[in-house]
Amino acid sequence: MNKQNILVFSMALSIVGGSTAAVFATENAVHSTKNNVVTVTSKAGNGTNQTAVAKVTNGKISDEEAIKMATKALKDYMGLDAKSFGEARVNRTNAQEDFKFFMDLYSKEDAAVLKENAKKDTANVIVVQFVRAEDLNQAMAASNRIVINEKTGEIVSLTAFTNEDRSTVTAIDDAKVKSAVINFFDKQQKNVKENTMKVSKTANTGTIRVLCDLEDGRDVEMTISLKNYSVSSYEINYDRLIPLPSEEKDHRENFREL
């Protein structure tokens, strides 16, 4: 829902360890002080194209650094290689923008909680979206989406897109769910608080939703595939927002404790 400028990056094959991709930018009508255009000049030498990048940013993390962090997170947490994607789109936002956008769209009960959440000191985040090369011409192309807390550098949300067939299995193995959640956060050196896991009562297109709390007090919502019990998405409540009444109702009615 964000109306900020969007920077569109053409990916290099070695975005983490090698040369940085060629960059071009498109701007929306809404002016932004969060995003700055990253300029690029290409130099040819010895038959090899090299890309020199001039970094310009108001934030703690540059756009190029955000792409490298997002690429590494995809590889480390999801086993996906960003070399297969054609563009990385970088955007900067803050939950305050969503509060304003949704205030008149939600029920009175949810809107009241949104007003309370809007009083919180919410974090500036960087959103990196990787779009597959074959999907670049699609209006609503699926993409991997990584959200980075700009102040701390923490990956607070990640949604992975794959072409794997959805599992037709509907039976949920609770032990495998617990193991998947604990092992996933072990990779991030985070601990899951004991006896806080909940799982959706039914599967949806081969996936289940899982809720849990981290030992630092933040709650998390995840999506896990029943095909191999791999995590396909997670989102940490990094701003420690008060849950909306509609969310609490969903969690009461559609989840069970593990």
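Residue numbers restart at each chain and count upward from 1, following the sequence in its written direction. In keeping with the model being predicted, local features are shown solely for residues with a pLDDT of at least 70 and side-chain atom pairs are shown and tallied solely at 80 or more, while totals for entire chains, interfaces and linings include all residues. Remark: hydrogens and water are excluded; side-chain values derive from all non-hydrogen atoms of the structure.

Things to note about the packing of aromatic side chains
- Only Phe, Tyr and Trp rings are paired, with Trp represented by its six-membered ring, and only when their centres lie within 6.5 Å; those with planes under 30 degrees apart are stacked, over 60 edge-to-face, the remainder tilted. Tallied over the full model, the rule gives six aromatic pairs.
- Seen in terms of ring centroids, Tyr 77 and Phe 184 are 6.0 Å apart; in terms of plane orientation they differ by 65°. Their pairing is edge-to-face. Note that Tyr 77 is positioned in helix 1 (residues 63-78) and Phe 184 in helix 4 (residues 174-186), a separation of 107 residues in sequence.
- Centre to centre, the rings of Phe 185 and Tyr 234 are 6.0 Å apart; their planes meet at 85°, and the pair counts as edge-to-face. Remark: Tyr 234 occurs in strand 12 (residues 231-236) and Phe 185 occurs in helix 4; sequence separation between them is 49 residues.
- The exposure class assigned to Phe 185 is buried, which follows from its relative accessible area of 0%. Elements are defined by DSSP. Helices are runs of H or I of four residues or more, strands are runs of E of two residues or more, and each kind is numbered from the N terminus. The classification of residues rests on relative accessible area computed with a 1.4 Å probe and restricted to protein chains. Under 20% of the type maximum is buried, over 50% is exposed, and intermediate values are partly exposed.

Points about the pattern of salt bridges
- Here, a salt bridge means any side-chain nitrogen of Lys or Arg that lies within 4 Å of a carboxyl oxygen of Asp or Glu. A complete count under the given rule lists 12 salt bridges for this structure.
- With a shortest N-O distance of 3.1 Å, Glu 87 and Arg 89 are connected by a salt bridge.
- Exposure remark for Glu 87: the relative accessible area of 12% places this residue in the buried category.
- For Arg 89, a relative accessible area of 28% puts it in the partly exposed group.
- Taken together, the shared-partner salt bridges connect Glu 154, Lys 190, Asp 216 and Arg 218 into one network.

Remarks on a nonpolar patch on the surface
- Two joining distances apply to patches: 9 Å for like charges and 5 Å for nonpolar side chains (Val, Leu, Ile, Met, Phe, Trp, Tyr), and every residue must have over 30% relative accessible area and no salt bridge. What sets the accessible areas is the Shrake-Rupley method with a 1.4 Å probe; for residues, cover comes only from the shown protein chains. Among the surface-exposed residues, Phe 101, Leu 105 and Tyr 106 lie close enough to one another that they form a single nonpolar patch of about 290 Å² accessible area.
- Here Leu 105 lies in the loop between helix 2 (95-102) and helix 3 (108-117).

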